[in-house]
Amino acid sequence: MLLFVKPLQPLRLSSVQVAHVTMNLVNVNREKTELNEKCVALEQKQAETVIATTAPAEPTVSSAEADALREELAAVKSEHTEKETALAELQAAMDMKLQETPQFKAMKDMMAKKNSQIKTMREALAGYGWTEPEDP
């Protein structure tokens, strides 16, 4: 039994919605990149501080400065984690909006019907002695 399905209509989100979500994603990605760069710089400063404090030569950073760098690094890492969480939430919201569209639901129903038809056809072929080929 073949099913004829109407072609899917294009997704209709308002340009304001698309622009808003796109802008949010771009801003979060930009902030994430900036925070990654800050983390790398602070980790390098911390490594230099550790080397300087363990070396018997002239210390270049005081322990107060090292503590301040550690605190700043922890704050930046915390902010970075928050931004990653916000990005994940925005992506999940976009996925939910997509899954709620009639086009997506129609495609999902169509795929379920086709999978059911394939399963039925395989069972019928198996009744005639057909074996499914092995994947390479």
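Everything below is about the structure printed above this text.
Described below are features of the structure shown in this document. (Residues numbered from 1 in each chain as written. Predicted model: local features only at pLDDT ≥ 70, side-chain atom pairs only at ≥ 80, totals over all residues. Heavy atoms only, no water.)

Another aspect to go through is the overall build of the chain. Counting secondary structure elements, the chain contains three helices and zero strands. When the helices and strands of the chain are placed in sequence order, the string is α-α-α. Contacts in the chain between residues at least 24 apart in sequence constitute 83% of all its contacts with a sequence separation of at least 6. When the accessible surface of the chain is totalled, it reaches about 11,000 Å², and 59% of it is carbon and sulfur. (Helix = DSSP H or I, 4+ residues; strand = E, 2+ residues; numbered from the N terminus. Contact = heavy atoms within 4.5 Å. Areas by Shrake-Rupley, 256 points an atom, 1.4 Å probe, with all protein chains shown as cover.)

What follows is about the environment of lysine 77. Note on placement: lysine 77 falls in helix α2 (residues 63-99). Judged by relative accessible area, lysine 77 falls into the partly exposed class, the value being 37%. The spacing of lysine 77 and leucine 42 is 35 residues in sequence and 10.0 Å in space, taken between C-alpha atoms. In contact with lysine 77, not counting residues within four places along its chain, are Cys39 and Glu43. (Buried < 20%, exposed > 50% of the residue type's maximum accessible area, 1.4 Å probe, protein only.)

Before going further, it helps to examine a nonpolar patch on the surface. Taken together, the side chains of Leu125, Tyr128 and Trp130 present a nonpolar region at the surface, about 380 Å² in accessible area. Within the secondary structure layout, tryptophan 130 lies in the segment after α3 (102-127). Note on tryptophan 130: relative accessible area 37%, which makes it partly exposed. (Patch = residues over 30% accessible without salt bridge, like charges linked within 9 Å, V, L, I, M, F, W, Y side chains within 5 Å. Salt bridge = Lys/Arg side-chain N within 4 Å of Asp/Glu carboxyl O.)

Core analysis: the biggest nonpolar cluster contains six residues, these being Leu35, Cys39, Leu42, Leu69, Leu73 and Val76. Excluding residues that lie within four positions of it along the chain, valine 76 makes contacts with Leu35, Lys38, Cys39 and Leu42. (Core = buried A, V, L, I, M, F, W, Y, C linked by side-chain atoms within 4.5 Å.)

A side chain of one charge can pair with a side chain of the opposite charge when the charged atoms of the two come close. Across all of its chains, the model carries four salt bridges by this definition. Linking glutamate 31 and lysine 83 is a salt bridge whose minimum nitrogen-to-oxygen distance equals 2.6 Å. Of this pair, glutamate 31 sits in helix α1 (residues 15-54) while lysine 83 sits in helix α2, and the two are 52 residues apart along the sequence. Note on glutamate 31: relative accessible area 24%, which makes it partly exposed. Put simply, arginine 122 and glutamate 132 hold a salt bridge, and the shortest N to O gap is 4.0 Å. In this pair, arginine 122 sits in helix α3 while glutamate 132 sits in the segment after α3, placing the two residues ten residues apart along the sequence. For arginine 122, a relative accessible area of 42% gives the class partly exposed. For glutamate 132, a relative accessible area of 48% puts it in the partly exposed group.

Before going further, it helps to examine α3. Here α3 spans 38 Å end to end across 26 residues, near enough to the 38 Å set by a 1.5 Å rise per residue. Where α3 ends, the next residue or the one after it, glycine 129, has phi of about 95°, a positive value. (Expected span 1.5 Å × (residues − 1).)

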